[in-house]
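Residue-level listing of the chains:
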Amino acid sequence: SAPSCPPAMSLVLIAGSGAEHLTDEIGGVLGVPPVAINADNSDGETTFHIDSNVRMRDTYIISCRGDSVNEHLIELSLLISALRRANAERITAVLPYFSYARQNRKHTSRVPISAADVASLLEEMGVDGVIVLDLHKPEISGFFSPRRYFVSDSCMPSAARYLWSQRRLRRPVVVAPHASSVRLAQAFLDSLLKLHEAHGRPPEERPTLAMLLPHKTYVAGEGSERIQRRTLELIGVVDGHDAIVIDDIFDTGKTITRSAEALLGHGASRIFAVATHGIFSGTALNDFANSGLTTAVVTNSIPFHIPRDHPVRKKLVVLSVAPVLAHQIAKLAGMPAPALDPMAATFPMAGAMFTGPDRPRRARARSGVSTVVSPIRERVQAMSLGDYDREMGVSTATGLGNISDEAEMGSEGSEEEMSHNNDLDAWMAEEQRQRDRERARGASDISTLSFA
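Being a predicted model, the structure only gives us computed values, none of them experimental. The residue count restarts for each chain, going from 1 along the sequence in the order it is written. A pLDDT threshold of at least 70 governs which residues receive local features in this predicted model, and a stricter bar of 80 or more applies before side-chain atom pairs are shown or counted, although totals over entire chains, interfaces and linings include all residues. Derived side-chain values reflect all non-hydrogen atoms in the structure, with water molecules and hydrogen atoms excluded from consideration.

Draft legend 1. Just the overall build of the chain, in detail. Numbered from the N terminus, helices here are DSSP runs of H or I no shorter than four residues, and strands are runs of E no shorter than two. On a plain count of helices and strands, the chain comes out with twelve helices and 16 strands. Buried residues are those whose accessible area, probed at 1.4 Å on protein chains only, stays under 20% of the maximum for their type, while exposed residues exceed 50% and partly exposed ones sit between those limits. Every one of the 452 residues in the chain was classed for burial, and the buried ones make up 50%. Contacts were defined at the residue level, with two residues in contact if any of their heavy atoms lie within 4.5 Å. Restricting the contact set of the chain to residue pairs at least 6 apart, pairs at least 24 apart contribute 71%. Accessible area of the chain: about 21200 Å², with a carbon and sulfur share of 51%. Shrake-Rupley sampling with a 1.4 Å probe provides the accessible areas, and residues are treated as covered by the protein chains on show and by no other component.

Here it is in structure tokens:
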């Protein structure tokens, strides 16, 4: 477990490159504006300065994998080093996606176990703990020494709640596309079963589990010239059911698209795909757009960019991991943890993830408070859940309804929304200053009593 921190220690949120929007949303949930970082890499070497005093403070670095994984790890290591040299009391690396997680074993000779090496790098630089989401393999936690705390959470309950409330699932079947995804599929099924029981659905609509197994057969030829045919054998029944394919990563998309084709061949009514991390390498986005998928659900654990006219936008839903990460950060920091149930998966990620080359990205130099339109922050800080549900067209009574395409795929935000967000930022900054003044008065009172 994580070591306890002094109650008066203030929380510090720091965004790595590419994690600015996610950090803004986490800060909005917690009511803690991120601190400023001024960074520059004009000569190819990253230099930065943390504008806020972090001495004896509880610091959290939110770091998302970017286009260059190695640069991301170097920047993370330098941030940890800077905080350690600045006498931060505790340093936690918040890594929605753990880089090199798929290189977690030695599958042949003369290869590294890169996931273990990343863990060793973070420990050597001085990190105290790590928060991750849906690890590729849970045994990666064993690569860290017992001196470090390791927190792993899952986005499967949030994704299950979204599909249950927004897609009106009919006799859902959770499908594991390969043996490695059975654990995540079981977690998703458990979440669906809880929702099924909570809403009093009939027993014949009870969610079930199925699995696809790859099978090779030889159809012609002899010896080295034999022709292989690869098929996916289904264990379970999907005929007339909604099939939900579960995996931890959308990478090339081949596993998901082939699974969708096989399930449609077995009579599935609709095909949904769910994964926590979206890498989308190669032609993955085009393959998703041209596949038989009804909807693919992913999170913003990894920043990616989709042109606004891309056809995959009609099928892809991006959920924010901010509530899940904020919940874990609050528990570690000794703050009241925000409840996940009313917040989970009722709002897909805003249009920040759907930017194109013509839209300038946010400057790395940051102010103490953000002006980015954050739907999570607006919902939590500026309106009640019921007001939000009514605004977005979600039925509060039944938890069912349809989110508009604009809300689902993101919107730019009007001038009125930006003005509202600026007011909210000012309010959050004033709240932080008020808390700092109260802590200072408390410390002064303690000093007076000590030397009286």
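Draft legend 2. The arrangement of the nonpolar core in detail. Among buried residues, the Ala, Val, Leu, Ile, Met, Phe, Trp, Tyr and Cys ones that are joined through side-chain atoms within 4.5 Å form a nonpolar core. Membership of the largest hydrophobic core comes to 29 residues, with the highest contact counts inside it found for V175, F250, L263, F280 and L316. Secondary structure elements with two or more residues in this core: strand 8 (172–176), strand 9 (208–220), strand 11 (242–246), helix 6 (254–265), strand 13 (270–274), helix 7 (284–289), strand 15 (295–299) and strand 16 (316–319). The next biggest cluster of nonpolar side chains, apart from the first, holds 28 residues, and it includes I37, V54, I91 and L135.

Draft legend 3. Examining the pairing of strand 7 (residues 149–153) more closely. Residues Y149, V151 and D153 line the buried face of strand 7, whereas the alternating positions F150 and S152 sit on a face that is not buried. Strands are treated as partners if at least two bridges between them are detected by DSSP. Alignment of strand 6 (residues 129–133) against strand 7, held across five bridges, turns out to be parallel. Along strand 7, the bridge assignment pairs L133 with D153.

Draft legend 4. Looking closely at the side chain of S114. By the secondary structure assignment, S114 is in helix 3 (residues 114–125). On the basis of relative accessibility, which here comes to 9%, the residue S114 falls in the buried class. With residues up to four places along the chain from it excluded, the contact list for S114 reads Y100 and Q103.

Draft legend 5. Representation of helix 3 in the model. An expected span of 1.5 Å times one less than the residue number is assigned to each helix. Here helix 3 spans 17 Å end to end across twelve residues, near enough to the 16 Å set by a 1.5 Å rise per residue. Listed in full, the buried residues belonging to helix 3 are S114, A115, A116, V118, A119, L122 and E123. Tucked into the core, helix 3 has its buried residues touching helix 2 (69–85) and strand 5 (90–95). G126 sits one or two residues past helix 3 and shows a positive phi near 110°.

Draft legend 6. Structural detail: unusual backbone geometry. Unusually for a residue other than glycine, M56 sits at a positive phi of about 55°. Relative to the elements of secondary structure, M56 occurs in the loop between strand 3 (47–50) and strand 4 (58–62). Phi angles above zero are rare outside glycine, and F280 is one such case at about 55°. With respect to the helices and strands, F280 occurs in the loop between strand 14 (277–278) and helix 7.

Draft legend 7. Spatial organisation of empty space enclosed by the protein. Buriedness for pockets is judged along seven lines, at least five of which must meet protein on both sides within 12 Å for an open set on the 1 Å grid over protein atoms alone, while cavities are sets there where a 1.4 Å probe fits but cannot get out, and lining residues have an atom within 4 Å of a point. Grid points are joined across faces, edges and corners, and a volume is the space filled by probe spheres set on the points. This structure, assessed with the given rule, holds four cavities of 30 Å³ or more. Its boundaries defined by the atoms lining it, the second largest cavity holds a volume of some 50 Å³. As for the second largest cavity, its lining consists of L135, H136, H178, S180, S181, R183, L184, D247 and D248. Taken together, the residues of the lining of the second largest cavity break down into two nonpolar, four polar and three charged. Only Asp, Glu, Lys and Arg are considered charged in this grouping, and only Ala, Val, Leu, Ile, Met, Phe, Trp, Tyr, Cys and Pro are considered nonpolar; every other residue, Gly among them, is considered polar.

Draft legend 8. A look at the packing of helix 1 (residues 20–30) against helix 8 (residues 322–333). Lines fitted to the C-alpha atoms define the axes, with helices restricted to the stretch that makes contact. Angles between their N-to-C directions range from 0 to 180 degrees. The contact between helix 1 and helix 8 brings their axes to 9 Å, and the two run at 55°. Here helix 1 lies oblique to helix 8, going by the angle between them. In terms of crossing hand, the pair formed by helix 1 and helix 8 is right-handed. Contacts between helix 1 and helix 8 involve L22, E25, I26, V29 and L30 from the former and A322, L325, A326, I329 and A330 from the latter. Of the residues contributing to the contact of helix 1 with helix 8, the split by class is nine nonpolar, no polar and one charged. Note that the term roughly parallel is reserved for angles under 35 degrees, roughly antiparallel for angles over 145, roughly perpendicular for angles of 65 to 115, and oblique for everything else. Should the near helix be turned counterclockwise from the far one by less than a right angle, the crossing is left-handed, whereas a clockwise turn marks it as right-handed.

Draft legend 9. Seen up close, the pattern of salt bridges. Salt bridge criterion: a side-chain nitrogen from Lys or Arg within 4 Å of a carboxyl oxygen from Asp or Glu. Taken as a whole, this structure holds eight salt bridges when the rule is applied. Residue D58 is joined to R90 by a salt bridge in which the shortest nitrogen-to-oxygen separation is 2.8 Å. Placement of D58 in strand 4 and of R90 in strand 5 is noted, with a sequence separation of 32 residues between them. With respect to burial, D58 and R90 carry one shared label: buried. Residues participating in the shared-partner salt-bridge network are E123, R147 and R148.

Draft legend 10. Broad picture of the sheet that holds strand 5. Within the open sheet, the five strands sit side by side as 1-4-5-6-7. Their pairing is parallel. With partners counted over all chains shown, the strands left at the sheet margins are strand 1 (11–15) and strand 7, one partner each. Sheet twist, expressed as the average angle between the axes of neighbouring strands with direction ignored, equals 20°. The pairing of strand 5 with strand 6 spans four bridges and is classified as parallel. Residue pairing across strands places L95 opposite V132, the latter belonging to strand 6.

Draft legend 11. Just the pairing of strand 11, in detail. Most of strand 11 is tucked away, with five of its five residues classed as buried. Going residue by residue along strand 11, you find D242, I244 and I246 tucked away on one face and A243 and V245 tucked away on the opposite face as well. Examined bridge by bridge, strand 8 and strand 11 share four bridges and lie parallel to one another. Within the sheet, the bridge partner assigned to V173 lies in strand 11 and is A243. Strand direction decides the pairing type here: strand 11 and strand 13, joined by five bridges, are parallel.

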